[in-house]
Structure formats: C-alpha cells, structure tokens
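Results of the structural survey
Residue-level listing of the chains:
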Amino acid sequence: MMFEIDPKDRNIPVIPPRGERMRVVIDSDAKNEIDDQWAIALAILSPERFEIEGFVGASFDNRRGGPDGVAKSVHEIETVLERAGMPGRWPVLPGSHPMRDQFEPSASEGVDFIIERAMAGSPADPLWV
C-alpha cells in the first residue's frame, strides 16, 4: 500500500535565519568519504549556528564498509571529536544496518535517539537531521 501525501498537508520547516541556532543530529557515514569529516568539523566549530544534540554512525556498503560500515562510521566520528578536543561531548550512537526488505526495518540506538530528539522538538523548533 502506497501512501500519498497532499503537498498542502505537509509541514515543511523553514531554515532559521542567520543568528538563530538549529537543533541537529548529524547522521554520517564518516568512514566512507572525506566530506563527512569536514562537515562534522564545520558543525562542531559553529556553535553559534548549530545546537548539536548528537551523532549517528551510518551504514555504507562498498569495499571499505560492508557489514562493519556502521561501526567504522561511529569510530571515525569519535576520532574526529577526539582530535578536535571534544571527546564525549555529544552522544555518538550506531545507526541502522541496511533494511533486508521493505517490511523489515532495522532497529538501532541511533534511530531511537533521532526519534526521541525529534519528538522533543516542536514545529517552531524542529530537529534537523
């Protein structure tokens, strides 16, 4: 069964203007490519813009990732935070492994964390992932 949402019924948050902070959880396949380390560094060094609530290590499936992709991403996020002098400052949780099929979602601490932080927000103060 497909669900179709009328675009008029969608609540699309507006990116806050400069000078206002955004609540964020960063979901990253940090060990896959170098761009995520740069994005994490930019975010942690921009506290005037980003209110970081945590990080989730994401899966990636290539010769460097495979079944251990999530763990490798978590480790890489922790390495970036440690080298920035900020170890343990935010939670770093493992995300889901790829879904086996469309009816069997993969549970994870990271998914539960994202849901919990999103539910703590409001339409005026949404969580950005």
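Right, let's walk through the structure included here. (Residues numbered from 1 in each chain as written. Predicted model: local features only at pLDDT ≥ 70, side-chain atom pairs only at ≥ 80, totals over all residues. Heavy atoms only, no water.)

1. Quick notes on the overall build of the protein chain
When helices and strands are counted, the protein chain shows three helices and four strands. Starting at the N terminus, the α and β elements of the protein chain follow one another as β-α-β-α-β-α-β. Once the C-alpha set of the protein chain is aligned to its principal axes, its extents read approximately 45 × 40 × 20 Å. Split into buried and exposed, the 129 residues of the protein chain put 36% on the buried side. When contacts within the protein chain are restricted to residue pairs at least 6 apart in sequence, those whose partners lie at least 24 apart make up 66%. Just so you have it, the protein chain exposes about 9000 Å², and 56% of that area is on carbon and sulfur atoms. One way to put it: in the protein chain the 14 positive side-chain charges average out to a point 5 Å from where the 23 negative ones average out. (Helix = DSSP H or I, 4+ residues; strand = E, 2+ residues; numbered from the N terminus. Buried < 20%, exposed > 50% of the residue type's maximum accessible area, 1.4 Å probe, protein only. Contact = heavy atoms within 4.5 Å. Areas by Shrake-Rupley, 256 points an atom, 1.4 Å probe, with all protein chains shown as cover. Lys, Arg positive; Asp, Glu negative; His and termini not counted. Charge placed at Lys NZ, Arg CZ, Asp CG, Glu CD.)

2. Things to note about the packing of aromatic side chains
For the structure shown, the criterion picks out one aromatic pair. Note on Phe55 and Trp90: the rings are 5.8 Å apart at their centroids and 70° apart in plane angle, and the pair reads as edge-to-face. Of this pair, Phe55 sits in strand β2 (residues 50-57) while Trp90 is found in the loop between α2 (69-83) and β3 (92-94), placing the two residues 35 residues apart along the sequence. Under the relative-accessibility criterion, Phe55 is labelled buried at 0%. (Phe/Tyr/Trp six-rings, centres within 6.5 Å; stacked < 30°, edge-to-face > 60°.)

3. Re helix α3 (residues 109-119)
Turning to α3, its buried residues number three or more, namely Gly110, Phe113, Ile114 and Arg117. Along the axis of α3, the buried positions cluster into a sector of 100°, meaning they face one direction only. Counted as exposed and oriented over 90 degrees from the buried face of α3: Asp112 and Met119. Taken together, the buried residues of α3 touch β1 (22-28), β2, β3 and β4 (127-128). (Arc of directions from axis to C-beta.)

4. Considering a nonpolar patch on the surface
There is a patch of nonpolar side chains on the surface, built from Val111, Ile115 and Met119 and spanning about 290 Å² of accessible area. Checked against the element boundaries, Met119 lands in helix α3. The exposed category is assigned to Met119, whose relative accessible area is 66%. (Patch = residues over 30% accessible without salt bridge, like charges linked within 9 Å, V, L, I, M, F, W, Y side chains within 5 Å. Salt bridge = Lys/Arg side-chain N within 4 Å of Asp/Glu carboxyl O.)

5. Some words on the pattern of salt bridges
Inspection of the entire model under this criterion finds four salt bridges. Glu53 is paired through a salt bridge with Arg117; the nearest N and O atoms lie 2.5 Å apart. Taken together, the positions of Glu53 in strand β2 and Arg117 in helix α3 put the pair 64 residues apart, joining distant regions of the chain. Three or more residues are tied together by salt bridges with common partners; here these are Arg23, Glu53, Glu116 and Arg117.

6. What about α2?
Under the 1.5 Å per step criterion, the end-to-end length of α2 is 21 Å for 15 residues, consistent within 8% with the ideal 21 Å. Listing the buried residues of α2 in full gives Gly69, Val70, Ser73, Val74, Glu76, Ile77, Thr79, Val80 and Leu81. Where α2 is buried, its residues contact β1, α1 (35-44), β2 and β3. Of the residues trailing α2, Gly85 is marked for its positive phi of about 75°. (Expected span 1.5 Å × (residues − 1).)

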